[in-house]
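Coordinate analysis (summary)
Residue-level listing of the chains:
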Amino acid sequence: MKQLIQSFKTGETILEEVPAPQIARGQVLIRTTRSLVSLGTERMLVEFGKANLVQKARQQPERVKEVLDKIRTEGLMPTLDAVFNKLAQPLPLGYCNVGRVIGVGEGVSEFKTGDRVASNGPHAEIVCVPQNLVAAIPANVSDDEAAFTVIGSIGLQGIRLCNPTLGETIVVIGLGLIGMITAELLLANGCKVIGIDLDVEKIALARKKGIIGINPREGADVVKSVLDETHGKGADGVIITASAKTDEIISQAARMSRKRGRIILVGVIGLNISRAEFYEKELTFQVSCSYGPGRYDEDYEQRGIDYPLPYVRWTEKRNFEAILQSISSGKLDVASLISERVPLDEYDKVYGSIGQSRSIASILLYRENPDEQKVIRVASAASFAGKRGVWGIIGAGNFTKMTMLPALEKAKADIKYIASAGGLTGTALAKKHKIALSTTDYQEILKDKETDGVMITTRHNTHAAMVLKALAAGKHVFVEKPLALNEDELEQIIAAYDGSVSLTVGFNRRFSPHVQKVKQLVGDTQMNVIATMNAGAIPPNVWVHDMKVGGGRIVGEACHFIDLITYLTGSKVIGVCMNAMGINPAENTDNASILLQYENGSTGVINYFSNGSKAYSKERIEVYSQDRTAIIDNYKQTTGYGFKGFSKLKTTMDKGHKGQFQALINSVRDGGAPLIPFDEIVNTTYASFAAIKSLQQGGWVRLDRVKAAEPSVAEPVAVLQ
């Protein structure tokens, strides 16, 4: 199928061939018939993409600070690689989609195949959208009209925040698409509406609809004109739907408002606000968030958990439905706003001159029978027949893009597939790294007899199930940490693993040249190890904190350091005690200290903190043994004290990813022992669960070691007591 994307690197708009998305739980699969180009938003994205690096930096000064901080802690080259990788990421365009349902996921009962629906899906021939972002279209509303649903809800949410009453005077600044719809809805609400814009044609159209139009280019003083229209009282409310960098718009809005008036920002403008202008009139100012309540809430959007109507009357979905009802009843005329209808293949007629376009609304038209292939060929490749060590990758997120694929390229890995949920990110990476096939169905990788192994880099809650399926298919498995989120998942993997193929977890720190040097120096002896992770804060609503999805940062990330200390000590964990910051810390804490007791008498301390300064090193490892001390600073410098013939090792930052993937590729291609013994992987995973259990119970948790058996015996290497 085809999808429109924007390159942030070149500014080019591209109609890309990508595999059709897979239907997912709680989602609706839709064949697109129409989509609306949001000229304001999409113009901003296109122009940002066309800007050079200096211009991009000026537009996002907060990002420049982040880059400088990253350079200080991680070095110049890793930071530049991260920046250029980010810019190379394709951006799907569009969010106003209309089509027919061709499939519904598990848990969806509101829609059925054949229904006409509007959604916030992108400009793509087939889209998969969460059910709370989909609304049924009334029979008397055309597909062209329904394409205005989502963008109309943006204006509607601004109106709801303004809370106008019958007879009030409301000013709309900016009569683009959102502004025009906002003005019409206000008229339908019984308001006196004044519209301000610089475009003569938009002002003329507004006047035809009964809106009082003011054009500064016609010599009008907008503030004086509004005061004249309100007999000197000022506007009851101002809704700003304009997009401009100037601070003059917010100043004008304040000066044209009555005392205790309301100002709502829907668009994007300069916000250097004059305190005096707001103070003297006791004005209220609020920024409107997209389509309404539920926006950016994963529980609402991705998990389909609705807000109860008696308490949240208007959610984003109910706003969608209200717009469709207004169109159906004739209260909202959107057909007159359509400037052009263009087939998808001729998209350049819209995007080629989007910076100069004076159109209000452009509609993209779609073919009736798009390709629905779940696998597409992206790059020509030599035959994989008879080759040993052919891989498929499941997951195309940041880790795959920025860390794994560059390391695999250096290791000269043979990669046949990459799978991604939506198809776009996987296809972009396949093109960049010359991977033969892009797919949205990872089962295709498991069925392919030429593929020897899979690499899993998806969200944590999918790891165990995918590992089990890959093992059942006889594939070698690499899975990014964690291996599992709970004991049940881990025990299923133990039972399934028979040792006929390799199973590797992405505990890369043990492969860092700094760690391996320290291992060589200290040898096999008792030691004390302190690992400090200055992890940095992640917002609490991000999926990694969800115990059912991410497992929390202790299970999901601190496991790295359990494995690292296990490697250095050459022993296994037999006891765990975790304490966390706070009076009643939650199980998904990310400010904790973990004590580890090892079988050989060694001890480990993991300080996993998210409340430190970004200017300080992210990771620091201290090893104390036999009057000797080794300090690893962020995998860039290792300093030794008391070692004969060694004092310092300096490199660029090397967390071990390159060494890990080189060893993995060689092991599967040439044969050899597992990179990490299976019983160590199991012990580390159990120890991470024990840390959470320790926090809950308030004491030490013992891991009673069962004598290691052959994998086929399917006995746990450790059990929690």
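All figures in this text were calculated on a predicted structure; none of them were measured in a lab.

Topic: the packing of aromatic side chains
- All told, the structure shown has five aromatic pairs when counted by the stated rule.
- When the centroid spacing of 6.4 Å and the interplanar angle of 85° are considered together, the rings of Phe278 and Phe285 count as edge-to-face.
- A relative accessible area of 12% places Phe278 in the buried class.
- Plain terms: the ring middles of Tyr497 and Phe678 are 4.3 Å apart, the flat faces sit at 35° to each other, and that makes the pair tilted. With Tyr497 in the loop between α19 (487-496) and β23 (503-505) and Phe678 in helix α23 (residues 678-697), this residue pair connects regions lying 181 residues apart in the sequence. An identical accessibility class is assigned to Tyr497 and Phe678; each is buried.
- Positioned above the aromatic ring of Tyr279 is the side chain of Arg275, whose terminal nitrogen or guanidinium carbon lies 4.6 Å from the ring centre.
- In this structure, Arg313 packs its charged tip against the face of Trp314, placed 4.1 Å from the ring centre.

Concerning unusual backbone geometry
- For the bond from Lys481 to Pro482, the omega torsion is -5°, close enough to zero to count as cis.
- Turning to its location among the elements, Pro482 is positioned in the loop between β22 (476-479) and α19.
- Phi at Glu282 takes a positive value of approximately 50°, unusual for a residue other than glycine.
- Among the structural elements, Glu282 can be located in the loop between α11 (275-281) and β14 (284-287).
- Of note, the phi angle at Gln626 is positive, near 50°, even though the residue is not glycine.
- Judged by relative accessible area, which is 54%, Gln626 ranks as exposed.

Section: the sheet that holds β14
- One open sheet holds the six strands; their spatial order is β11-β10-β9-β12-β13-β14, and the pairing between them is parallel. With partners counted over all chains shown, the strands left at the sheet margins are β11 (212-214) and β14, one partner each. Adjacent strand axes in the sheet meet at a mean angle of 20° when their direction is disregarded.
- Contacting β9 (169-173), β10 (192-196), β12 (235-240), β13 (257-265) and β14, helix α10 (residues 248-256) runs over the sheet at an angle of about 145° to β13.

Re the nonpolar core
- Ranked by internal contacts, the top residues of the largest apolar core, which has 101 residues, are Leu408 and Met455.
- Not counting chain neighbours up to four residues away, the residues in contact with Met455 comprise Trp391, Gly392, Ile393, Ile394, Met404, Leu408, Phe478, Phe661, Leu664 and Ile665.
- Residues Cys96, Val141, Phe320 and Leu424 belong to the second largest nonpolar core, which totals 67 residues.

Regarding the side chain of Asn120
- If you trace the backbone, Asn120 turns up in the loop between β6 (116-119) and β7 (126-130).
- With a relative accessible area of 14%, Asn120 lands in the buried category.
- In this structure Asn120 touches Gly94, Tyr95, Val129, Leu133, Val150, Tyr291 and Arg295, once residues within four positions along its chain are discounted.

Rules used throughout
Residues numbered from 1 in each chain as written. Predicted model: local features only at pLDDT ≥ 70, side-chain atom pairs only at ≥ 80, totals over all residues. Heavy atoms only, no water. Phe/Tyr/Trp six-rings, centres within 6.5 Å; stacked < 30°, edge-to-face > 60°. Buried < 20%, exposed > 50% of the residue type's maximum accessible area, 1.4 Å probe, protein only. Helix = DSSP H or I, 4+ residues; strand = E, 2+ residues; numbered from the N terminus. Lys NZ or Arg CZ within 6 Å of the ring centre and 35° of its normal. Pairing = 2+ DSSP bridges. Axes fitted to C-alpha atoms, helices over the stretch in contact; angles between N-to-C directions. Contact = heavy atoms within 4.5 Å. Core = buried A, V, L, I, M, F, W, Y, C linked by side-chain atoms within 4.5 Å.

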